[in-house]
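The residues making up each chain are set out below.
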Amino acid sequence: QVQLVESGGGLVQAGGSLRLSCAASGSIFSINDMAWYRQAPGKQRDLVAAITSGGNTGYANSVKGRFTIARDNAKNTVYLQMNSLKPEDTAVYYCNAHIRPEDSRWFRYYWGQGTQVTVSS
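Conventions used here
Residues numbered from 1 in each chain as written. Predicted model: local features only at pLDDT ≥ 70, side-chain atom pairs only at ≥ 80, totals over all residues. Heavy atoms only, no water. Helix = DSSP H or I, 4+ residues; strand = E, 2+ residues; numbered from the N terminus. Buried < 20%, exposed > 50% of the residue type's maximum accessible area, 1.4 Å probe, protein only. Contact = heavy atoms within 4.5 Å. Disulfide = S-S within 2.5 Å. Salt bridge = Lys/Arg side-chain N within 4 Å of Asp/Glu carboxyl O.

*Asks:* Which residues make up the environment of Ser27, and what values go with them?
*Replies:* Following the sequence through the fold, Ser27 ends up in the loop between strand 3 (18–25) and strand 4 (28–39). The class of Ser27 is partly exposed, set by a relative accessible area of 38%. Sequence spacing of Ser27 and Asp103 is 76 residues, and the spatial spacing of their C-alpha atoms is 7.7 Å. Here Ser27 is in contact with Gln1, Val2, Pro101 and Glu102, once residues within four sequence places are set aside.

Below, the structure written as structure tokens:
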């Protein structure tokens, strides 16, 4: 079974930094895009940043210049470096990846369990 496991969340003061990691494991044939989403209490889940298998990236306007997404294809891992954090960045952060399992001809999207990021003012 394919799994995404996130780590790196926590509590940080405004202006601080955190680095999130998400490792894909299991019987994986190939991974396309990987992304980070976030969901604040009472709000919808929004895309934060995404990266293609070739390394092209995209960001939500609210995090441009502060967050950086990167991936290590050899480790099936995606990272989110978050700098200059603001209280409004507080949310549960979810990893998402478009993966083809070894026992399938098709790609599908997988989600991690989420990791809490809390930024205090």
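On we go.
*Asks:* So, unusual backbone geometry: which residues are in play, and what are the values?
*Replies:* Within the chain, Asn76 stands out as a residue other than glycine whose phi angle is a positive 50°. Mapping Asn76 onto the fold places it in the loop between strand 7 (67–72) and strand 8 (77–82). The exposure class assigned to Asn76 is partly exposed, which follows from its relative accessible area of 24%. A positive phi angle, close to 50°, is found at Ser84, a residue other than glycine.

*Asks:* Quick one: what's the story with the state of the cysteines, residue by residue and with numbers?
*Replies:* Counted by the stated rule, this structure contains one disulfide. The disulfide partner of Cys22 is Cys95, and the gap between their sulfur atoms is 2.1 Å. Across the S-S bond linking Cys22 and Cys95, the dihedral sits near -80°, which makes this disulfide left-handed. Residue Cys22 is located in strand 3, and its partner Cys95 is located in strand 9 (residues 91–101); the two are separated by 73 residues in the primary sequence.

*Asks:* Outline the pattern of salt bridges, listing residues and values.
*Replies:* Counting across every chain of the model gives two salt bridges. Between Arg38 and Asp89 there is a salt bridge, with the nearest N and O atoms lying 2.9 Å from each other. Taken together, the positions of Arg38 in strand 4 and Asp89 in the loop between strand 8 and strand 9 put the pair 51 residues apart, joining distant regions of the chain. With respect to class, Arg38 is no different from Asp89; both count as buried.

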